[in-house]
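# Notes for the structure review
Single-letter residue listing:
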Amino acid sequence: MALLEVRDLSVSFHTYAGEVQAVRGVSFTVSKGETIGIVGESGCGKSVTAQSIMKLLPEPLVNYKHGQILFNDQDLLQKEEKAMQQVRGNDIGMIFQDPMTSLNPTMHVGDQIVEGLVKHQGLSHRDAHERAVEALRLVGISQPDERVRQYPHEFSGGMRQRAMIAIALACRPKLLLADEPTTALDVTIQAQILELMKKLQAQTGTAIILITHDLGVVADICDRVVVMYAGEVVEMGTVDQIFYTSKHPYTSGLLASVPRLNMNRHDSLHPIMGTPPDLLHPPVGCSFFARCSYAMEVCRVHKPLLEDQGDHQYTACWLHHPLAQQTGTDRSG
Ligand code: SF4
Ligand code: MG
């Protein structure tokens, strides 16, 4: 059974210009101990999906239009704020790109760990303090018994990210949501943090949802990948399926636009031309239509649904639709 199941989720925002349909019909599952990467360009709905799971989106503006987010068989979208506070931090931990926005600058780092342990796990302050020191040690912060009494600004960027991981994992959550956790860090620290996440996952069995635009990070750490475009899932599969047998033109475009280690100097990068559609008025057909070099007439008028390509690789593209294979749909557009 899945630990988390996002079922047909649609989320929109009220803006002055109208209703922005940020997430449209997104479904995926996360099993216990699994690491799922959600990838796509900025504005594709990956962060909105993550923040929906935590119900962290600004209340009067957000509209959870449709769908369910089942965690341990309970729909998080139906939970009251009070119940969600218990879920956040205790059952589901979070780490963000910028630790300074989520660490409390006026509180000792250790107290921020202690707070969660006392609140969610009913530990005494004394025991919680010991666990906080241990948590800092676990994430590789040296002299944790002194560091525990320091403020976030006394930590370096990499140490703050480690501290945030310590806070997120202190209550031993079943799921960790990591939104661009290493984007703001330099490459060496980035590698250390990813290594740390892998190590902690092996020790604790926490499932991870990793949100990133960095496919290198995905290749390094994920089991499965969800590719999002314009608020929708366009392809989903194992890391190998996505990297070696991707079928969606957008996925191929993403892969062609990032540098690879095995590139020689004659290879060039191919950015995807054009821009994503306006989500105030999303296209009725395939969202990638305007940028796709394989686009056909059917793509403009009918939305392709995710279809199993075999071996649980799912692709939403008319080129790979079972019907297109049968009828040999004209590709000249
Ligand atoms: Fe391109 Fe059509 Fe496939 Fe969309 S459905 S990605 S437009 S070929
Ligand atoms: Mg984001």
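Residues numbered from 1 in each chain as written. Chains lettered and ligands numbered in written order. Predicted model: local features only at pLDDT ≥ 70, side-chain atom pairs only at ≥ 80, totals over all residues.

## Considerations on the overall build of the protein
Along the protein, the regular secondary structure elements total 13 helices and 12 strands. A compact globule built from 333 residues would reach a C-alpha radius of gyration of about 20 Å, and the protein, at 21 Å, matches this within 12%. Each principal axis of the C-alpha distribution contributes one length, and for the protein these read about 70 × 50 × 40 Å. The buried share among the 333 residues of the protein stands at 43%. Relative to all contacts within the protein whose residues are 6 or more apart in sequence, the contacts with residues 24 or more apart total 63%. (Helix = DSSP H or I, 4+ residues; strand = E, 2+ residues; numbered from the N terminus. Rg over C-alpha atoms; globule rule 2.2 N^0.38 Å. Buried ≥ 20, exposed ≤ 12 C-beta atoms within 10 Å, placed from the backbone. Contact = placed C-beta atoms within 7 Å.)

## Some words on the sheet that holds strand E4 (residues 62–71)
Within the open sheet, the 4 strands sit side by side as E2-E1-E4-E5. Their pairing is antiparallel. The sheet terminates laterally at strand E2 (18–30) and strand E5 (74–75), the two strands that pair on one side only. Pairing between strand E1 (residues 4–15) and E2: 8 bridges, direction antiparallel. Note on E2: the bridge partner recorded for phenylalanine 13 is valine 20. (Pairing = 2+ DSSP bridges.)

## Examining the environment of cysteine 317
Note that cysteine 317 resides in the loop between strand E12 (314–315) and helix H13 (322–327). Taking the C-alpha atoms as reference, cysteine 317 lies 8.2 Å from proline 249; in sequence the two are 68 residues apart. Residues within four places of cysteine 317 in sequence aside, it is in contact with Lys247, His248, Pro249 and Pro304.

## Focus on the confidence of the model for the protein
Reading fine detail from the predicted coordinates is not recommended where pLDDT is low. For the protein, per-residue confidence averages 89 on the pLDDT scale, and residues scoring 70 or more make up 95% of the total. Here H13 stands out as the least confident element of the protein, with mean pLDDT 65; strand E10 (residues 232–238) is the most confident, with 98. Low pLDDT, under 50, characterises residues 328–333; the predicted model gives this stretch 10 contacts beyond four residues in sequence or across chains. This prediction of the complex comes with two scores: 0.90 for pTM and 0.95 for ipTM. (pLDDT = per-residue confidence, 0-100.)

## What to know about the pairing of strand E7 (residues 175–179)
Within E7, 5 of the 5 residues are buried, leaving the element largely enclosed by the surrounding structure. Residue alternation in E7 divides its side chains into two sets, Leu175, Leu177 and Asp179 and Leu176 and Ala178, and both sets are buried. Where strand E6 (residues 92–95) meets E7, 4 bridges bridge the pair, whose relative direction is parallel. Of the residues in E7, the one forming a bridge with isoleucine 92 is leucine 175. Where E7 meets strand E8 (residues 207–212), 5 bridges bridge the pair, whose relative direction is parallel. The residue bridging leucine 176 from the neighbouring strand is isoleucine 208, located in E8. In terms of handedness, the path from E7 via helix H8 (residues 187–204) over to E8 forms a crossover that is right-handed. (Right-handed = clockwise from strand over helix to strand, strands pointing away.)

## Focus on the pairing of E4
Relative to E4, E1 runs antiparallel, the two being bridged by 8 bridges. Bridge assignment links serine 10 to a residue of E4, and that residue is histidine 66. Here 2 bridges tie E4 to E5, and the two strands are oriented antiparallel to one another. Counted as the bridge partner of phenylalanine 71 is glutamine 74 from E5. The hairpin turn running from E4 into E5, its antiparallel successor, is 2 residues long, and asparagine 72 in that turn takes a positive phi close to 50°.

## What to know about the nonpolar core
Membership of the largest hydrophobic core comes to 89 residues, with the highest contact counts inside it found for Ala163, Ala166, Ile209 and Val227. In terms of residue count, the dominant contributor to this core is helix H7 (residues 157–170) (9 residues). Other than its neighbours up to four places away in sequence, alanine 166 contacts Ile113, Ala135, Leu136, Leu138 and Val139. (Core = buried A, V, L, I, M, F, W, Y, C linked by C-beta atoms within 7 Å.)

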